[in-house]
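Read off the chains here:
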Amino acid sequence: MATGAALATGTALASVGAGSTNDGPALEEPEGWTSHGGTAGNTRHVPSAGGFDELTAVAWQYEHNGLAAVVDGTVYLQTSGELHALDADDGTLLWVQQEISAAGTPAVDGDAVYVGGAELTALEASTGEVRWTEAFDDGASVPAPTVAFGAVYVAVDGALYAFDAADGSLRWEREFVGVTHQPQDRNGPREFAYAFNSGYGTVAATHGTIWALLDERRNEGLAGTDALVALDPLTGETRWSDHLDTGHLGNGLTATEERLFIEDPAEEGVIVFDVTSRESVGIVSDAFVTAATDETAITRGRHGLEAIGPSISWDAAAPYVFGTPTIAGDTVVLAHDKDDSSRVDEIVGLELEDGSEKWAFEFDEKQWSDGFSVECIVDDGVVYVNRNEGLTAIRPAGDGEDDADDGNEAADDEGTETGEAADEDGEEDDEGESEETDSTADDEQSGSDSEPDDTETEEPVETDDGDGGDSVPGFTGGGALLGGAVGLEWLRRRASSKETVEK
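Nothing here was measured: the structure is a model prediction, and the numbers come from that model. (Residues numbered from 1 in each chain as written. Predicted model: local features only at pLDDT ≥ 70, side-chain atom pairs only at ≥ 80, totals over all residues. Heavy atoms only, no water.)

## Focus on the packing of aromatic side chains
What counts here: Pairing of aromatic rings covers Phe, Tyr and Trp, the last counted by its six-membered ring, and requires centre-to-centre distances within 6.5 Å; plane angles under 30 degrees mean stacked, over 60 mean edge-to-face, and any other angle means tilted. The helix and strand labels rest on DSSP assignments: H or I over at least four residues marks a helix, E over at least two residues marks a strand, and numbering proceeds from the N terminus. Classification of residues uses two cut-offs on accessible area relative to the type maximum, computed with a 1.4 Å probe and protein chains only: under 20% is buried, over 50% is exposed, and between them is partly exposed.
Under the definition given, this model contains 14 aromatic pairs. For the ring pair Tyr76 and Trp95, a centre distance of 6.3 Å and an interplane angle of 50° mean the geometry is tilted. Here Tyr76 is found in strand E4 (residues 74-79), whereas its partner Trp95 is found in strand E6 (residues 93-97), with 19 residues between them in sequence. We note that Tyr76, like Trp95, is buried. The interplanar angle of 40° and the centroid separation of 6.4 Å between the aromatic rings of Trp132 and Phe163 together place this pair among those described as tilted. Taken together, the positions of Trp132 in strand E10 (residues 130-134) and Phe163 in strand E13 (residues 159-164) put the pair 31 residues apart, joining distant regions of the chain.

The following block contains the structure:
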């Protein structure tokens, strides 16, 4: 019953401020993998009406790798401080911008590409020509931007900025947010002035709202916990704010219309927050990163995957080691490996409904130490991953050249450097563990403001047996999920119907 007790302790986040978080302009996102986490909400979700076909062959490999966005037939690759644009069909280089010091995943919106690094830079998507740049005091590094509502949002050195996407003019700036909190050692509540978390993936957009994580290390009263804020995207005014439960931290944020998922490195879990009730409804344990639709979420931890939804509850546990999940239609796409040097690297597709394996694409050699930190970028039925030979596009049968190789020889024949480092921790990784196109996937990430690194530092990941422990009951259409009776009934159902991926 210890699990039930842990599930039922989700504490409500009291409402502070006025106005609904749904009031405001509609969010219009372009199709494709447009930015860090794939969308302005960092959801790692790509809708696909026709499902996702089995991958069968390597379509092409580019001689560099790094952090990428893929939109409307073009791959925008940030590599070694440069931005390269590639034809998504065959990997042909369209243009390269070398006169910037870029870092993080680029964001694409309309006919422009936005990238952080030494400066915030906007470029012409068709040519790579610089439209405008914005530098910050003391050479502060700019994380991967969030583009929504005609603006570019970046949290730099504790402040959140909104720049007009067209001309780079400043719309608004917030240096801190007042959050009412009652510390355990004080008699009454007090207001703390929180600054913004300047890490990667800590700002997200939903319809009418900009959500942001606030940093306990950047507040004037040392409240002992991080906080969350909802802002008006046009003015920056606070609509709602509150602290997380005491001792909880946040270093990554996934936002859907109904729920937020906050990565908590202190608890090695993901906090589930209900937008309507404004309540924290529990924590998915052994979870570091989330892919989510409006109804279903897949979390990945050290020891496996956990799926939660209105009619979905399954997990896939060790000894299988999974990379960062992406939801493409009815398929969960992710890197997959077993901690066994005799096995080759794989990209697998799992059924979203039950976690069973639909298909597996095998490379012809093992390069990833365990695949844990590898992210699959997905667009138009094609998966892009970083390999030693460079960024690699894998396609279904009949999509592209029929004679494309199904392994790594394509790049070898061209004499590319097989030892070239992948840009896997390109966004933030305080523990030095690799991340392929996704900084927030790092289970040890602390959310520091250090400048990203484009060097692969992949290390083996411990894969103790286990099923991930506690998790959150399936979503419902209403507010909080974890009333005592509901939690116990869910535990009973989970004990009798728990499924694991069989290999």
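Next, the rest of the story.
## Examining the sheet that holds strand E26 (residues 297-300)
Just so we agree on the cut-off: When DSSP finds two or more bridges between a pair of strands, those strands are recorded as paired. The axes are straight lines fitted to the C-alpha atoms, using for helices just the contacting stretch, and the angles between their N-to-C directions are given from 0 to 180°.
The antiparallel open sheet is built from four strands, whose spatial order is E25-E26-E27-E28. With one partner strand each, in any of the chains shown, strand E25 (289-292) and strand E28 (313-317) form the two edges of the open sheet. Between one strand and the next, the sheet's axes are offset by a mean angle of 15°, whatever the strand orientation. Pairing analysis gives four bridges linking E26 to strand E27 (residues 304-308), with the strands arranged antiparallel. Bridge pairing links Ala297 to Ile308 in E27.

## So, the sheet that holds strand E35 (residues 382-387)
Ordered in space as E2-E36-E35-E34, the four strands form an open sheet in which the pairing is antiparallel. If you trace the sheet from one side to the other, it starts and ends with strand E2 (55-61) and strand E34 (377-379), each paired once. Strand-to-strand twist in this sheet, taken as the mean axis angle between neighbours without regard to direction, amounts to 30°. Where E2 lies against strand E36 (residues 390-396), five bridges are found, and the strand directions are antiparallel. Paired with Leu55 across the two strands is Pro396, which belongs to E36.

## Considering the pattern of salt bridges
Stated precisely, the cut-off is as follows: For this analysis, a salt bridge means a side-chain nitrogen from Lys or Arg found within 4 Å of a carboxyl oxygen belonging to Asp or Glu.
For the coordinates displayed, the defined rule picks out 11 salt bridges. Here Asp215 ties to Arg217 by a salt bridge, and the two come within 3.1 Å at their closest N and O atoms. Residue classification places Asp215 among the buried positions, given a relative accessible area of 3%. Between Glu268 and Arg302 there is a salt bridge, with its nearest N and O atoms 3.4 Å apart. You can see Glu268 sitting in the loop between strand E22 (259-264) and strand E23 (269-274) and its partner Arg302 sitting in the loop between E26 and E27, a full 34 residues away along the chain. Here the salt bridges do not stand alone but share partners, grouping Asp111, Glu124 and Arg131 into one network.

## Re the side chain of Thr331
Definition in use: What qualifies as a polar contact is a pair of N or O atoms within 3.5 Å, subject to a donor-acceptor requirement within protein and to the restriction that residues adjacent in sequence count only when both atoms come from side chains.
Structurally, Thr331 is set in strand E31 (residues 331-338). The exposure class assigned to Thr331 is buried, which follows from its relative accessible area of 0%. Only 2.6 Å separates the side chain of Thr331 from the side chain of Lys358, close enough to count as a polar contact.

## Quick notes on the nonpolar core
Note on soluble globular proteins: their nonpolar side chains tend to be buried together. Note the threshold: Throughout this description, the term nonpolar core refers to a set of buried Ala, Val, Leu, Ile, Met, Phe, Trp, Tyr and Cys residues connected via side-chain atoms within 4.5 Å. Whether two residues touch is decided by their heavy atoms; if any such pair falls within 4.5 Å, the residues are in contact.
Counting residues in hydrophobic clusters, the biggest one holds 32 residues, and the most contacted among them are Val75, Val333, Ile347, Val383, Tyr384 and Val385. Put simply, the parts of the chain that give this core at least two residues each are E2, strand E3 (67-71), E4, E31, strand E33 (357-362), E34, E35 and E36. Counting residues per element, this core draws most heavily on E35, which supplies four residues. Sequence-distant contacts of Tyr384, defined by excluding residues within four places in its chain, comprise Trp60, Val70, Val75, Ala88, Glu375, Cys376, Ile377, Asp379, Leu391, Thr392 and Ala393.

## Description of empty space enclosed by the protein
Note the following rule: Only protein atoms enter the 1 Å grid used here. Points where a 1.4 Å probe fits but cannot escape make up a cavity, open sets with protein on both sides within 12 Å along at least five of seven lines make up a pocket, and a residue lines them when an atom lies within 4 Å of a point. Grid points are joined across faces, edges and corners, and a volume is the space filled by probe spheres set on the points.
For the coordinates displayed, the defined rule picks out five cavities of 30 Å³ or more. Of the volumes computed, that of the largest cavity is approximately 110 Å³. Forming the walls of the largest cavity are 17 residues, and the residues nearest its centre are Ala144, Pro145, Thr146, Gly201 and Val203. Where the lining of the largest cavity is concerned, the elements lending two or more residues are strand E11 (146-148) and strand E12 (151-156). In terms of residue count, the dominant contributor to the lining of the largest cavity is E12 (three residues).

## Points about the pairing of strand E16 (residues 190-196)
The buried fraction of E16 is high, at five of seven residues. Here five bridges tie strand E15 (residues 177-181) to E16, and the two strands are oriented antiparallel to one another. Bridging from a neighbouring strand, Val179 pairs with Phe192 of E16. Pairing analysis gives three bridges linking E16 to strand E18 (residues 209-219), with the strands arranged antiparallel. Within the sheet, the bridge partner assigned to Tyr194 lies in E18 and is Asn219.

## What to know about the confidence of the model for the protein chain
Threshold: pLDDT gives the predictor's per-residue confidence on a scale running from 0 to 100.
For the protein chain, the mean per-residue pLDDT works out to 78, and 70% of the residues sit at or above 70. Predicted confidence is poor over residues 401-503, with pLDDT under 50, and the contacts of this stretch with residues over four places away or in other chains come to 299 contacts.

## Details of unusual backbone geometry
For Arg44, which is not glycine, the phi torsion reads 55° and is therefore positive. In this fold, Arg44 is placed in the loop between helix H1 (2-7) and strand E1 (45-46). Relative accessible area serves as the criterion here: at 1%, Arg44 is assigned to the buried category. A positive phi angle, close to 55°, is found at Phe149, a residue other than glycine. Along the chain, Phe149 turns up in the loop between E11 and E12. Residue Phe149 is classed as buried on the basis of its relative accessible area, which comes to 13%.

## Examining the layout of surface pockets
To keep things clear, this is the line we draw: Classes in brief: Ala, Val, Leu, Ile, Met, Phe, Trp, Tyr, Cys and Pro nonpolar; Asp, Glu, Lys and Arg charged; the others, Gly included, polar.
Estimated volume of the largest pocket: approximately 750 Å³. Sorting the residues of the lining of the largest pocket by element identifies E1, strand E17 (203-206) and E34 as the ones contributing at least two each. Residue classes in the lining of the largest pocket are distributed as 13 nonpolar, 14 polar and eight charged.

## Concerning the environment of Asp294
By secondary structure assignment, the location of Asp294 is in the loop between E25 and E26. Residue classification places Asp294 among the partly exposed residues on the basis of a relative accessible area of 46%. The spacing of Asp294 and Glu257 is 37 residues in sequence and 6.4 Å in space, taken between C-alpha atoms. Residues contacting Asp294, with those up to four places away along its chain left out, are Thr256, Glu257 and Glu258.

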